[in-house]
Amino acid sequence: MLKNGKLFLPPPKDGSDFKELFRQLAAAGAGRPLGSDGFPAGPWTPELLAEAISHIDSNRIGVDLRTVQLWFQENEKGISTANIRWLARIFGCDDPVAISEWQMELSAAQSRLTAKRRDLKKAGSNVAAGVPEMSRAATVDDETASPPELARETDKGSGRRVSLAMRSEALFSRGSPLNLPASIFAGASALGFLSYIVGIHSATYSRADGVVKQVGFLSAPNWTFLFMVLLPLFFAFVIELLVFWKHDARFRLVAQGDRLESDDAWTRNVQAYSYTYWAVFLICVLFAGLFQWIGVCLIPLLEGGDDYATSWGTLAIVQPDVISVPVSIVFTALAYLYMCLCFYLFFVGLVLLHTIVHDLWRIEEASTVRPVEHRREGGEIGLRVMRGIFRCTVLGVLVAICMKVQSSYLSSNGGDIVTWIAHDMSSALYERHDGGNSISYRMPTHYSSLLVAISTCIVFLYASIRLGVGKRFRVPLRRMSAVVGLLLASYLLIDAFEGFSILVGVGVLLATYGLFDPEFGRWRASELGSNQSVS
């Protein structure tokens, strides 16, 4: 039977489920135009069917090739309500009455497939649990739940162990976006109050060379500004990007119409990084936390020593009248525990950013059949991802700068950090030369800050390569890369020459502006093929 020059088959209404019905129609080539010889053109292939659905005028986002391939495969995957509409358009040969009939037939077939799949799962669970046949009647009401809810309950009841990766990801993606930033801020505030209580919020000591230095807890930007401003902002941007990708952008790009499948795919992506999460956890908690506290604070407090510059953590060695050694041990232990957990979450944020970029790149590479509107949407999503990653990169390098500036100050001749920076600027502007640092100390913070800076920039570099090369938003990406390069250079040159603070100041100002406008000015809409900017 022909309709509008295409092979039309009426709905069989034989009680087949979706898999059985689709297999017959695809093999017959229902809905395909006739060949040049007037005979049917042959069966559907996943590529041909995906292209035909994507070319439907009212279908602006098309359909993902992987989704169509699932229809052809022997599996439990059905079809979403949105895709039933497009498939009915194909089988109905653009005839309104036929389309309506096929839409009802496909919906009924999908319902039969869902019921069959539910019965199989129920029978399997009953056999495994040894539930007698009579007790199955009591669970009829449970089977009325929707398929996504039923699948979630099945996963919860299967006893799967929740991994460190999923628990860490949940801290960013579940609950209010304010929870994690507020927790970090609250922890830093609590340490600040404790420093007041123990008396080290503002403290000075006289060094052996006569320099009087301010080493109070609240005067250390790597313990105040870093944890109260930079890290909360970093987590806020990571959460915003993660929620956007997980619950909106990814679902729109794969165009499968099944949010549960999209969530499951994202879960598999996160779990694939399981070893990375454990490696980061061990490095942050054992080495950056426990071992560093033992080496930098505990041993010097118990035995004395001048290998490390005196700070609020070891003030009890030179000023026992201000704070006692036992109190200092307890306070530093709490501070380093808080610090190592915060930096674990910081590196978790970087891993999640890498996961988002890799996931987006794989989806873009796999989606070979896509209409122009869908490709434009993918470009807009890619630009928004780059904007979020740029903001996080800027904050990550600022964190490293904060750490290195404080470490360099402790070994300098400056009385307080503000005076030290102001003196460095004036030395370069008025050509006044200083003798440099008078005492050389071990500075482990230099190494840890370098790890922070390099790790952050690697994520940005990876995103630039995967999402920027060959794309149409090269100009904004070049500006972002230039600012990141300047900021990294200013970090590396801290305390390397007189006047380094000027370079740092310029980099910080540009980076701060970049947080509000990552593209540094109005970018050409034609570079994305759209006249709409992405927020």
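Refer to the structure above for everything that follows.
Quantities reported herein were computed from a predicted structural model and do not represent experimental measurements. (Residues numbered from 1 in each chain as written. Predicted model: local features only at pLDDT ≥ 70, side-chain atom pairs only at ≥ 80, totals over all residues. Heavy atoms only, no water.)

**Some points on the packing of aromatic side chains**
- One pass over the structure, following the stated rule, counts 26 aromatic pairs.
- Each ring, one from Phe 217 and one from Phe 331, has its centre 5.6 Å from the other, and the planes form 80 degrees; the classification is edge-to-face. With Phe 217 in the loop between strand 4 (212–214) and helix 9 (225–254) and Phe 331 in helix 13 (residues 325–366), this residue pair connects regions lying 114 residues apart in the sequence.
- Taking relative accessible area as the criterion, Phe 217 reaches 1% and is therefore assigned buried.
- By relative accessible area, which is 3% here, Phe 331 ends up buried.
- Between Lys 213 and the ring centre of Tyr 409, over which it is positioned, the NZ or CZ distance is 3.9 Å.
- Lying over the aromatic face of Trp 361, Arg 466 brings its terminal NZ or CZ to 3.6 Å of the ring centre. (Phe/Tyr/Trp six-rings, centres within 6.5 Å; stacked < 30°, edge-to-face > 60°. Helix = DSSP H or I, 4+ residues; strand = E, 2+ residues; numbered from the N terminus. Buried < 20%, exposed > 50% of the residue type's maximum accessible area, 1.4 Å probe, protein only. Lys NZ or Arg CZ within 6 Å of the ring centre and 35° of its normal.)

**Topic: the nonpolar core**
- Counting 111 residues, the largest nonpolar core has Phe 172, Phe 227 and Tyr 277 as its most contacted members.
- Residue contributions to this core peak at 21 residues, all from helix 13.
- Residues within four places of Tyr 277 in sequence aside, it is in contact with Leu 164, Ala 165, Ser 168, Val 270, Tyr 344, Val 348, Val 351 and Leu 352.
- Counting residues in hydrophobic clusters, the runner-up holds 30 residues, among them Phe 8, Ala 50, Ile 84 and Ala 88. (Core = buried A, V, L, I, M, F, W, Y, C linked by side-chain atoms within 4.5 Å. Contact = heavy atoms within 4.5 Å.)

**Re the environment of Ser 183**
- Here Ser 183 lies in helix 8 (residues 179–198).
- In this structure Ser 183 comes out as partly exposed when scored by relative accessible area, which is 44%.
- Measuring from C-alpha to C-alpha, the distance between Ser 183 and Met 228 comes to 10.0 Å, with 45 residues separating the pair along the chain.
- Here the side chain of Ser 183 touches Asn 179 through a polar contact of 2.7 Å, landing on its backbone oxygen. (Polar contact = N/O pair within 3.5 Å; in protein donor to acceptor, adjacent residues only side chain to side chain.)

**Observations concerning the packing of helix 8 against helix 9**
- Their axes nearest at 8 Å, the elements helix 8 and helix 9 cross at an angle of 170 degrees. Accordingly, the angle class assigned to the pair helix 8 and helix 9 is roughly antiparallel. For helix 8 against helix 9, the interelement crossing comes out right-handed. The segment helix 8 lies against helix 9, with Leu 180, Pro 181, Ile 184, Phe 185, Ala 188 and Ser 189 engaging Phe 227, Met 228, Leu 231, Pro 232, Phe 235, Ala 236 and Ile 239. (Axes fitted to C-alpha atoms, helices over the stretch in contact; angles between N-to-C directions. Parallel < 35°, antiparallel > 145°, perpendicular 65-115°, else oblique. Left-handed = near helix turned anticlockwise from the far one by under 90°.)

**Here we look at helix 9**
- Helix length check: helix 9, at 30 residues, gives a terminal C-alpha distance of 41 Å against a target of 44 Å (1.5 Å per residue), a fit within 8%.
- At Trp 245, helix 9 shows its strongest bend, of approximately 45 degrees. (Expected span 1.5 Å × (residues − 1). Bend = angle between axes of the 7 residues up to and from the residue.)

**Some details on the side chain of Ser 195**
- Tracing the sequence through the fold places Ser 195 in helix 8.
- Residue classification places Ser 195 among the buried positions, given a relative accessible area of 0%.

**Some thoughts on the layout of surface pockets**
- Of the volumes computed, that of the second largest pocket is approximately 1100 Å³.
- Every element with two or more residues in the lining of the second largest pocket is listed here: helix 9, helix 11 (274–303), helix 13, helix 14 (372–410) and helix 16 (444–468).
- A total of 10 residues in the lining of the second largest pocket trace back to one element, the largest contributor, which is helix 11.
- Residue classes in the lining of the second largest pocket are distributed as 32 nonpolar, 12 polar and one charged. (1 Å grid on protein atoms, 1.4 Å probe; cavity = no way out; pocket = protein on both sides within 12 Å on 5 of 7 lines; lining within 4 Å. Points joined across faces, edges and corners; volume = space filled by probe spheres on them. Nonpolar A, V, L, I, M, F, W, Y, C, P; charged D, E, K, R; others polar.)

**Concerning the environment of Glu 303**
- One can find Glu 303 in helix 11.
- The exposure class of Glu 303 is exposed, given its relative accessible area of 67%.
- The sequence separation of Glu 303 and Ile 317 amounts to 14 residues, and the corresponding C-alpha distance is 9.2 Å.

**Some words on helix 4 (residues 81–91)**
- Asn 83, Ile 84, Trp 86, Leu 87, Ala 88, Ile 90 and Phe 91 are the residues of helix 4 that are buried.
- Taken from the residues just after helix 4, Cys 93 is the one with a positive phi, measuring 55 degrees.

Interpretation note: all reported values are geometric properties and have no functional meaning in isolation.
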